[in-house]
Amino acid sequence: MTDAPRSPGVVAPAAAGVAAVALGAGLGELVSGIFAPAASPFAVIGGALIDAAPSWAKDAAIALFGTADKVALLVGIGIVLLIVAGVAGWLEARKAPWGRVIVLALGAVGAVVAMTRAEASTLSWLPSVVAGVTGAAALMWLVRLVLRRGPARATPQESAAPGVAESDTPDAAPPVLSSARPDRRSFLIWSGVATGVGVAAAFAGSALRAGSRSVTVIRDVLTLPRATGTAPAVPASADFGIDGLAPVITPNADFYRIDTALIAPQIDPADWSLRIHGDVEQEVTLTWDELVALPLGESVTTLACVSNPVGGDLIGTAVWLGYPIRELLARAKPTADADMVLSRSIDGFTASTPLDVLTDERDAVLAIGMNGQPLPIEHGFPVRMVVPGLYGYVSATKWVTELEVTRFDKATAYWTDRGWSEEGPVKLQSRIDVPRGRQSVPAGETVIAGVAWQQHVGVSGVEVQIDEGAWQQAELATPISDDTWVQWRFVWDAVPGDHTVRSRATSRTGEVQTDVQRAVVPSGATGHHEITISVS
Ligand SMILES: Nc1nc2c(c(=O)[nH]1)N[C@H]1C(S)=C(S)[C@@H](COP(=O)(O)O)O[C@H]1N2
Ligand SMILES: [Mo]
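Cut-offs used in this document
Residues numbered from 1 in each chain as written. Chains lettered and ligands numbered in written order. Predicted model: local features only at pLDDT ≥ 70, side-chain atom pairs only at ≥ 80, totals over all residues. Heavy atoms only, no water. Helix = DSSP H or I, 4+ residues; strand = E, 2+ residues; numbered from the N terminus. Contact = heavy atoms within 4.5 Å. Areas by Shrake-Rupley, 256 points an atom, 1.4 Å probe, with all protein chains shown as cover. Near = heavy atom within 4 Å. Polar contact = N/O pair within 3.5 Å; in protein donor to acceptor, adjacent residues only side chain to side chain. 1 Å grid on protein atoms, 1.4 Å probe; cavity = no way out; pocket = protein on both sides within 12 Å on 5 of 7 lines; lining within 4 Å. Points joined across faces, edges and corners; volume = space filled by probe spheres on them. Nonpolar A, V, L, I, M, F, W, Y, C, P; charged D, E, K, R; others polar. Domains from an automatic or database assignment. Expected span 1.5 Å × (residues − 1). Buried < 20%, exposed > 50% of the residue type's maximum accessible area, 1.4 Å probe, protein only. Patch = residues over 30% accessible without salt bridge, like charges linked within 9 Å, V, L, I, M, F, W, Y side chains within 5 Å. Salt bridge = Lys/Arg side-chain N within 4 Å of Asp/Glu carboxyl O. Pairing = 2+ DSSP bridges.

Enquirer: Help me understand the overall build of the protein, please; the structure alone is not making it clear to me.
Expert: Helices and strands together make up the secondary structure of the protein, namely 10 helices and 19 strands. Partitioning the intrachain contacts of the protein with sequence separation of at least 6 by distance along the chain shows that 74% fall at a separation of at least 24. Approximately 23600 Å² of the protein is accessible, and the part contributed by carbon and sulfur atoms is 60%.

Rendered as structure tokens:
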């Protein structure tokens, strides 16, 4: 056994693999930062996984992809990559060149995926190819050092230090300097250098992408045109100003964010245009300059996500500055048989919206402003859609660049392809914000308060039920319009003990919010929000 082909062990080759892949991945990020910001190897693989995931996993949560999910996804990709890197190192030491082949293949997969993404540009393949080639070269070099430093066959002099015997390949051995173990030292040094350079390059790459993101700067210095016409004022009585109750207008920084984009698309307004095409008599193209020259209006609309569970907070209200989509469609003149508009984002996301919803009198807008600011980049800068009455997945396309007039029986959209309902009208809902569930409150007068909504239908009342008691009318704040949520409050003379509190809304058409509990898939959750309070 001692004279059998020497085993390089597992740890050193695996470490060589990790160091080599760290170098390659880091250089890939750097190259992406310089040449192809949307084609970070991590981001393209992550983006492809996001698009692929929902069809395998029929889990509702997957539809969310909020910020936390994205971090989890990137960490997950990093861990898988480290494992593959270790395996590649081990393989390279045993069955060269198969370790290198794996690393090159990873790069090739990244390049192919990058070129097939909607955001692909001519150089999108470059970061992944650089990552693969430099990673493979580094792997070859580091594993050579591992093998040269010798096996776990100790010479008598070195028996106290197994695994560091002299090399038996004198032709390749570097000159012996002061140390008796030069190859081990150079392996450690070079793998440290590779890892360090890789990490530094990754940081430099993401700094290039983020820090000097010119679109951030462009947005910061942009001044929105003034709204023409009278903005629908938000009456002071629309907000009770209760601590812990969602404010009637949601600050941009607190507005929920849901999308499939790992890196929010960076669009310079000067490069933006909207193309209206498909079943139209007249194709229309609109540039940013043309859009801001139009008479823009303000509208207050509540946006909700179909993935919002009962009691959840994937909902918010903003004052949007925009231009009616109906006016643009009127220019394009949809043909008589068209019944749907497939809006498309620059990153390939699509939403299918009924044509009649976009052409009736409601405030369905191409929005450029959100609460007095240009749209935040994560909320669709420079232009998105906002449509009162429909969930976001069928209407609220961010970074929108295309409206294709078509038919529901001719085309499908991103989430409808993944099992979500074609129609996405918002369901009647109410939520209890204060007290927080499981909070303990002192006995006596207690304010229970929350919000209720059914956009474009409107809410006419909210009732509260304590334990199994009768439903009692809550007080509504002044609704801004039928397109927004409305605050409600109820003063309760709380008696000691544990109590269950439920709320239900009534719509302006007389519908009473159902207590039937339905999951968010395929068309939005139903049921009563219920909290438990202990009164002392
Ligand atoms: N380009 C793009 N637009 C999109 C999405 C997306 O994934 N990509 N998600 C939609 C969904 S599901 C919702 S609920 C809203 C959320 O908008 P917000 O992030 O501004 O709150 O955006 C919609 N527009
Ligand atoms: Mo959504």
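Enquirer: Explanation requested: the site of ligand 1 in the structure shown.
Expert: Taken together, 19 residues surround ligand 1, and among them Y256, T260, H379, R384 and K398 come closest. One nitrogen or oxygen atom from the main chain of A396 is found 3.0 Å from a nitrogen atom belonging to ligand 1. One of the side-chain nitrogen or oxygen atoms of K398 is found 2.5 Å away from an oxygen atom of ligand 1. For ligand 1, the protein covers 99% of the area, taking 530 Å² as the surface of the free molecule.

Enquirer: Honestly, empty space enclosed by the protein in this entry has me stumped. Any pointers?
Expert: Sizing a probe to match a water molecule and rolling it over the atoms shows the empty space that remains. Under the defined criterion, the tally for this structure stands at four cavities of 30 Å³ or more. A volume near 330 Å³ is recorded for the largest cavity. Taken together, 24 residues make up the lining of the largest cavity; nearest its centre are I258, D259, G392, Y393 and K398. When grouped by side-chain class, the residues that make up the lining of the largest cavity number 13 nonpolar, six polar and five charged. Of the pockets and cavities examined, the second largest cavity occupies roughly 90 Å³. Lining the second largest cavity are 15 residues, and of these C305, N308, Y391, Q429 and W453 lie nearest its centre. Within the lining of the second largest cavity, the residues separate by chemical class into 10 nonpolar, four polar and one charged. When we break the lining of the second largest cavity down by domain, the ones giving at least three residues each are domain 2 (236–418) and domain 3 (429–535).

Enquirer: Is there a simple way to think about helix 4 (residues 98–116) in this case?
Expert: Along an α-helix, residues three or four apart share an orientation, since each turn contains 3.6 residues. Here helix 4 spans 27 Å end to end across 19 residues, near enough to the 27 Å set by a 1.5 Å rise per residue. What helix 4 keeps buried is the set G99, V103, G107, G110, A111, V113 and A114.

Enquirer: When you look at a nonpolar patch on the surface in this model, what are you seeing that I'm missing?
Expert: The grouping of I34, F35, L104, M115, L123, W125, V129, V133 and L208 at the surface amounts to a nonpolar patch, some 740 Å² of accessible area in total. Put simply, the parts of the chain that give the nonpolar patch at least two residues each are helix 1 (11–35), helix 4 and helix 5 (126–148). Examined against the element boundaries, I34 turns out to sit in helix 1.

Enquirer: Explanation requested: the environment of S128 in the structure shown.
Expert: Within the secondary structure layout, S128 lies in helix 5. Between the C-alpha atom of S128 and that of A39, which follows or precedes it by 89 residues, the distance is 8.2 Å. Not counting residues within four places of it along the chain, the set of residues in contact with S128 comprises P41, G107, G110 and A111.

Enquirer: Would you take a moment to explain the sheet that holds strand 16 (residues 475–476) for this structure?
Expert: Two orientations exist for strands paired in a sheet by backbone hydrogen bonds: parallel and antiparallel. Overall, antiparallel pairing links the four strands, which are arranged 11-13-17-16 in an open sheet. The sheet is open, and its two edges are formed by strand 11 (429–434) and strand 16, each paired on a single side. Alignment of strand 13 (residues 444–453) against strand 17 (residues 486–494), held across nine bridges, turns out to be antiparallel. Note that in strand 17 the partner of A452 across the bridge is V486.

Enquirer: Would you mind showing me how to read the pairing of strand 7 (residues 365–370) here?
Expert: Across the six residues that make up strand 7, a large majority, six, are buried. Relative to strand 9 (residues 384–386), strand 7 is paired through three bridges, and the arrangement is antiparallel. In the strand pairing of strand 9, A367 is matched with R384. As defined by bridge partners, strand 7 adjoins strand 8 (residues 373–374) across two bridges and the pair is classed as antiparallel. Along strand 8, the bridge assignment pairs G369 with P374. Count of turn residues in the strand 7/strand 8 antiparallel hairpin: two residues, of which N371 carries a positive phi of about 55°.

Enquirer: Please clarify how the sheet that holds strand 15 (residues 472–473) should be interpreted in this entry.
Expert: Pairing is mixed in the open sheet, where five strands are placed in the order 12-19-18-14-15. Whereas interior strands pair on both sides, the edge strands pair on one side only; in this sheet they are strand 12 (440–441) and strand 15.

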